[in-house]
Amino acid sequence: MSRRGGGPVTVLNVAEKPSVAKSVAGILSNGSFRTREGRSRYNKIFEFDYAINGQPCRMLMTSVIGHLMELEFSDRYRKWHSCDPADLYQAPVMKHVPEDKKDIKKTLEEEARKSDWLVLWLDCDREGENIAFEVVDVCRAVKHNLFIRRAHFSALIAREIHEAVQNLRDPNQLFAEAVDARQEIDLRIGASFTRFQTMLLRDRFAIDSTGEERSRVISYGPCQFPTLGFIVERYWEIQAHEPEEFWTINCSHQSEEGIATFNWMRGHLFDYASAVILYEMCVEEPTATVMNVPHPRERFKYPPYPLNTIELEKRASRYFRLSSEHTMKVAEELYQAGFISYPRTETDSFSSRTDLRAMVEEQTRHPAWGSYAQRLLEPEGGLWRNPGNGGHDDKAHPPIHPTKFSSGESNWSRDHLNVYELVVRHYLACVSQPAVAAETTVEIDISGERFSASGRAILAKNYLEVYRFESWGGSVIPVYEKGQQFIPTTLTLDSAVTRPPPLLCEADLLCCMDKAGIGTDATMHDHIKKLLDRGYATKDANTRFSPTHLGEALVMGYDDMGYELWKPNLRAVMEHDMNEVSVGRKTKAEVLETCLQQMKACFLDARVKKSKLLEAMTIFFERSNNTDEGENQTAGEVVRRCNLCNESDMALRKNRDGNFMVGCMNYPQCRNAVWLPGPTLEASVTTNACQSCGPGPVYNILFKFRQIGIPPGFDVNHLGCVGGCDDILKQLIDICGTGSRSQARRAPDTVPPNNIRGSNTRQSNVCVHCQQRGHASANCPSRASASRNSRRTGTNPINDESTVSCNTCGAPCVLRTASTEANRGRKFFSCQTQGCSFFAWEDSISNSSGNATTWSNSSGSGRRGSRGRGRGGRGGQSGGGRRGSGTSFVSATGEPVSGIRCFSCGDPSHFANACPNRNS
DNA sequence: GCAAGGTC
């Protein structure tokens, strides 16, 4: 490696960014380097002497700023109207240095001319390797015989840098080629689809009211579209959600020691009748028996892993509601000013060589967390713990950590303070012991139903003391013993409805992208911002994303074509292929050829099916005035002359929910429409005219139905008529309805008209309960009456006045007779005072004289549930001991039951499925 | 005017 003729060699060292150049120069020169200006104001040149493997070297250290080059089409293809976008799949592409990087290139050329060796200090990832070859290309062009080597380092730590420079290797061509392939594919796909959809849609629709259509770019990109896809998919999921009512039994027990809230271990039931039966069983024999001995168990809550970019973005969004894009801007500024380490990193584990304690030491001066940092360093405190390993390492940067102490600089905004505080507290948390708690879970049995309650007592907060962003809720429950019995304080049957998931928030979106491999840690926030900038999505005050009409229409259009261009699969395949290239299993040429061939075929087909995109846009946007209408009429195939207005044709359309309809093209003046069966997968108008329907011609439609959507006996393929003669079509509409999503999705201003929507409801479905039409299954009157009846079956008239006084309020009780199966004929006392719900079985009262104020714990002995297992050890709580506590339940007597309220109107006299409001 | 990837 030594230069012929001996003497020092001149070595040009190039790093990926100025900060790395400076750090490496500082480490190798032990802090004594000379600095001079380069052509670019950001990229200085540092000079020092060093010996590589015994060879004296005059070191020149400079940097680039990320990629030096960009990929571009040749001139002939650069203008949008210069070629067919399909040509972009084979148009020549070349790398060139953009204008703003020309000065860096000049510096490299000038320094390379003076140098003998070129040592590449680019980040040790695939992009870094690709940038290395860009640097090589520039330098070799001016100095052909440069000796070229690559330094490998994963952190700017002295030992690692010295080792790297003494163990120089060849740059990895395969890594660079993988990136070349990715760049070319991204450019060709992105440019072709962007030009295609922009030119197709921009001038045809009034997309916004600002009149800026002319400059609007409707971009497509293999990262931005899947990101949009996540937002749209969640939005559709929410729109399609149909609330379903469910029931759960809740139980609580208050004693002198506190209150325990028990959850039903069945969770909840969707079947009202079953829930009521189980509830009534519990109410009739309400004694709770403790089933387990609840020994407290030690539980830990561990601190987070060291901070990487995605985690920083997610946490800043959650804790401070900062957008990922703004977080990265602030983090970049803190990094530039030297307060935190490099903020674009995937790594979430510290190298064993990191001096972790020194970073804590720095922070001991801080007024807020300084004392915690001090305690961390005290060995007797036992607070220190080596940080966890999150399992990611980009081999280029350490996790984000503080690099310089600050108690806040004068030029910092609130966001700078927050991000710095998050980085510091996160770091201190990482090197701390986990929080410790004692957890207790008590399980009880009431009439064979199991309930459980959990309590948690925090024993040591540890890292939670400094990581104020996280908490660990703790609630203490009373102590129970196995076999102990008590009467619950409340025992209620509550109803609720299922809710759709929320819109995606920024942290959710980052999670989706991370899991699907969309973008990199350094670019994910850019893709999110791009969706907002392009007008594909909006973000509300809670940082939750919704698609705009444009975003939804684009996804719908491609979805209707049958393509998953908006799903992450395409990117995943590309990532996989890149890996194959980088390990040498496939060549760059192979991957390019296969991928581009497929994508071109897809592009050409999408262009053939452009009507799908136009149809989707038609749903949300008015046609623009400045276009020729010739093409607009092709959005639907004509089926017949409108038999209502007689002025226009009726055309086959697919609405935004994927449901098919034949609607008058004179909409909104005429709202005539025929909706087609919900399970229609495909429909196309044929040239066959129906022989019996008129006024003609009424063209037949060729249907393809979803197999799973239609009843047995119906064919998936059907040649049908919407003129009224087709019984099969009518039956399918009767049975299957005309689709379910249209009600769920928000109706845009343009379509569909009310009468169309009216015909497309579940009203035409057959109720699953009574097999009748005219109502939804959930509103079935038979079901509501059955529910009401089921409650009535337990109702008995008051049949006896009693001589028993209420054990709670002292008022006289009435004697009633139970009529449910388990307790038929059994008598019980019930207090009549409003608000008091005293209840006791007659046969459990020990004082048969009737003036009972106490009773034995033998209630239900010999019955299911075996109540006779003893009193338990805690006299005050033992079975039947209801002293002083108002128990708000009532048996199966039909009395109003506390806790049961209609979720719809709040009335305790009925459940929501029988609510008059709902049924109306 | 287009992509995504670096980074100031």
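Residues numbered from 1 in each chain as written. Chains lettered and ligands numbered in written order. Predicted model: local features only at pLDDT ≥ 70, side-chain atom pairs only at ≥ 80, totals over all residues. Heavy atoms only, no water.

Asker: Is there a simple way to think about empty space enclosed by the protein in this case?
Answerer: Over the atoms, a rolled probe matching the size of one water molecule traces out where space is still vacant. Tallied over the entire structure, the rule returns two cavities of 30 Å³ or more. Quantified by volume, the second largest cavity comes out at close to 40 Å³. Lining the second largest cavity, in full, are Ala181, Arg182, Ile185, Met574, Asp577, Met578 and Val591. For the lining of the second largest cavity, the secondary-structure elements that each account for two or more residues are helix H6 (173–201) and helix H18 (569–582). (1 Å grid on protein atoms, 1.4 Å probe; cavity = no way out; pocket = protein on both sides within 12 Å on 5 of 7 lines; lining within 4 Å. Points joined across faces, edges and corners; volume = space filled by probe spheres on them. Helix = DSSP H or I, 4+ residues; strand = E, 2+ residues; numbered from the N terminus.)

Asker: Looking at this structure, how should I read the pattern of salt bridges?
Answerer: Should their charged atoms come close, side chains of opposite charge can pair. Evaluation of the coordinates by the stated rule reveals 47 salt bridges. For the salt bridge of glutamate 111 with lysine 114, the shortest nitrogen-to-oxygen distance reads 3.0 Å. On the criterion of helical spacing, the pair formed by glutamate 111 and lysine 114 is a turn pair, its members being three residues apart in helix H3 (residues 102–114). Note on lysine 114: relative accessible area 42%, which makes it partly exposed. Across the pair aspartate 533 and lysine 529 runs a salt bridge, and its minimum N-O distance is 3.0 Å. With aspartate 533 and lysine 529 both in helix H16 (residues 524–533) and four residues apart, this pair spans about one turn of that helix. (Salt bridge = Lys/Arg side-chain N within 4 Å of Asp/Glu carboxyl O. Buried < 20%, exposed > 50% of the residue type's maximum accessible area, 1.4 Å probe, protein only.)

Asker: Sorry if this is basic, but what is going on with the packing of aromatic side chains here?
Answerer: Aromatic ring pairs are defined here through the distance separating the ring centres and the angle between the ring planes. If you walk through the whole model with that rule in mind, you get 32 aromatic pairs. Taking the centre distance of 6.1 Å and the plane angle of 35° together, the rings of phenylalanine 262 and phenylalanine 486 count as tilted. On the criterion of sequence distance, the pair formed by phenylalanine 262 in strand S10 (residues 258–264) and phenylalanine 486 in strand S15 (residues 485–486) is long-range, its members being 224 residues apart. Here phenylalanine 262 and phenylalanine 486 have matching classes, each one buried. Measuring from centroid to centroid gives 5.6 Å for phenylalanine 350 and tyrosine 427, while their planes differ by 85°, and the two rings are edge-to-face. In this pair, phenylalanine 350 is assigned in the loop between helix H10 (324–336) and helix H11 (356–362) and tyrosine 427 in helix H13 (residues 414–430), connecting sequence segments 77 residues apart. For the pair shown, phenylalanine 350 and tyrosine 427 are each scored as buried. Each member of the aromatic cluster is reached from another via a ring pair, and the members are Tyr89, Phe193, Phe196, Tyr220, Phe225, Tyr536, Tyr558 and Phe603. (Phe/Tyr/Trp six-rings, centres within 6.5 Å; stacked < 30°, edge-to-face > 60°.)

Asker: Mind showing me how you'd approach the protein's contact with DNA strand B here?
Answerer: As a structural note, the neighbourhood of DNA strand B is formed by 45 residues, with Ile65, Lys101, Arg202, Tyr342 and His527 the closest of them. Within 4 Å of the protein, the atoms of DNA strand B are drawn from sugar and phosphate moieties in a proportion of 63%. Between a phosphate oxygen of DNA strand B and a side-chain N or O atom of aspartate 123, the distance comes to 3.2 Å. Note that a phosphate oxygen of DNA strand B is positioned 3.1 Å from one of the side-chain N or O atoms of arginine 534. (Near = heavy atom within 4 Å. Polar contact = N/O pair within 3.5 Å; in protein donor to acceptor, adjacent residues only side chain to side chain.)

Asker: Help me out: how do you make sense of the sheet that holds strand S4 (residues 55–63) in this one?
Answerer: What the six strands build is an open sheet, ordered S2-S3-S4-S1-S7-S8; its pairing is mixed. Each having just a single partner strand, strand S2 (34–36) and strand S8 (147–150) make up the two edges of the open sheet. Strand after strand, the sheet turns through a mean of 30° between neighbouring axes, direction not considered. Sheet topology places strand S1 (residues 9–15) next to S4; seven bridges connect them, and they run parallel. What sits directly across from threonine 10, in S4, is arginine 58. In the packing of H3 onto the sheet, the strands contacted are S1, S2, strand S3 (45–52) and S4, and the crossing angle to S1 comes to about 160°. (Pairing = 2+ DSSP bridges. Axes fitted to C-alpha atoms, helices over the stretch in contact; angles between N-to-C directions. Contact = heavy atoms within 4.5 Å.)

Asker: Even after reading the chapter, I still don't get unusual backbone geometry, so can you show me in this structure?
Answerer: Excluding glycine, residues mostly have negative phi values, and the peptide bonds linking residues are mostly trans. Cis geometry is adopted by the peptide bond preceding proline 695, which originates at glycine 694 and carries an omega value of -5°. Inspection of the secondary structure assignment puts proline 695 in the loop between strand S24 (680–689) and strand S25 (699–705). Within the chain, asparagine 30 stands out as a residue other than glycine whose phi angle is a positive 60°. Examined against the element boundaries, asparagine 30 turns out to sit in the loop between helix H1 (18–28) and S2.

Asker: Looking at this structure, I do not really get H3. What am I missing?
Answerer: Quick reminder: α-helices carry 3.6 residues per turn. Residues three or four places apart thus point the same way. If you check H3, its first and last C-alpha atoms are 19 Å apart, about what 13 residues at 1.5 Å a residue would give, namely 18 Å. Among the residues making up H3, those that are buried are Ile104, Thr107, Leu108, Glu109, Glu111 and Ala112. (Expected span 1.5 Å × (residues − 1).)

Purely geometric numbers; function is a separate question.
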